[in-house]
Amino acid sequence: MTLPCKVLHCLKQHCHRRCGFIFSDTEIETILMVKGIFKLPLRGLESFLNSVFTLMNIPLKSLTYICISRS
């Protein structure tokens, strides 16, 4: 499944930290799907997704594990 990059961008910022963003449902569902498929803890998931984005030359950063756990 290929998602356009703009779908993975946050929609609105509420404060200066990355957790202050409201993320799309698609992004949260995709991240949790990857977590379930690879059986990764949240900290490992953040690093894994950042590595995948880097290898694919996609200028995105994953949500922090704290943001993922609050979703």
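Cut-offs used in this document
- Residues numbered from 1 in each chain as written.
- Predicted model: local features only at pLDDT ≥ 70, side-chain atom pairs only at ≥ 80, totals over all residues.
- Heavy atoms only, no water.
- Helix = DSSP H or I, 4+ residues; strand = E, 2+ residues; numbered from the N terminus.
- Polar contact = N/O pair within 3.5 Å; in protein donor to acceptor, adjacent residues only side chain to side chain.
- Axes fitted to C-alpha atoms, helices over the stretch in contact; angles between N-to-C directions.
- Parallel < 35°, antiparallel > 145°, perpendicular 65-115°, else oblique.
- Contact = heavy atoms within 4.5 Å.
- Nonpolar A, V, L, I, M, F, W, Y, C, P; charged D, E, K, R; others polar.
- Phe/Tyr/Trp six-rings, centres within 6.5 Å; stacked < 30°, edge-to-face > 60°.
- Buried < 20%, exposed > 50% of the residue type's maximum accessible area, 1.4 Å probe, protein only.

Novice: Just checking my understanding: could you explain the environment of T54 for this structure?
Specialist: Within the secondary structure, T54 sits in helix α2 (residues 42–55). In terms of polar contacts, T54 uses its side chain to reach the backbone carbonyl oxygen of N50, at 2.9 Å.

Novice: Can you walk me through the packing of helix α1 (residues 25–38) against α2 in this structure?
Specialist: Each pair of packed helices can be summarised by the angle the axes make with each other and by the distance between the axes. One way to put it is that α1 packs onto α2 with a least axis distance of 10 Å and a crossing angle of 110 degrees. Taken together, the axes of α1 and α2 are roughly perpendicular relative to one another. Every residue of α2 that contacts α1 at I31, V34, K35 and F38 is listed here: L42, L45, F48 and L49. A breakdown of the residues in the contact of α1 with α2 according to their chemical character gives seven nonpolar, no polar and one charged.

Novice: Hey, could you run me through the packing of aromatic side chains in this one?
Specialist: The geometry of an aromatic ring pair is captured by two quantities: the separation of the ring centres and the angle between the planes. Evaluated as defined, the whole model comprises one aromatic pair. Both rings, one in F38 and one in F48, keep their centres 5.1 Å apart while their planes meet at 50 degrees; by these two values the pair is tilted. Of this pair, F38 sits in helix α1 while F48 sits in helix α2, placing them ten residues apart in sequence. For F38, a relative accessible area of 48% translates into the label partly exposed. F48 gets classed as partly exposed once you look at its relative accessible area, which sits at 30%.

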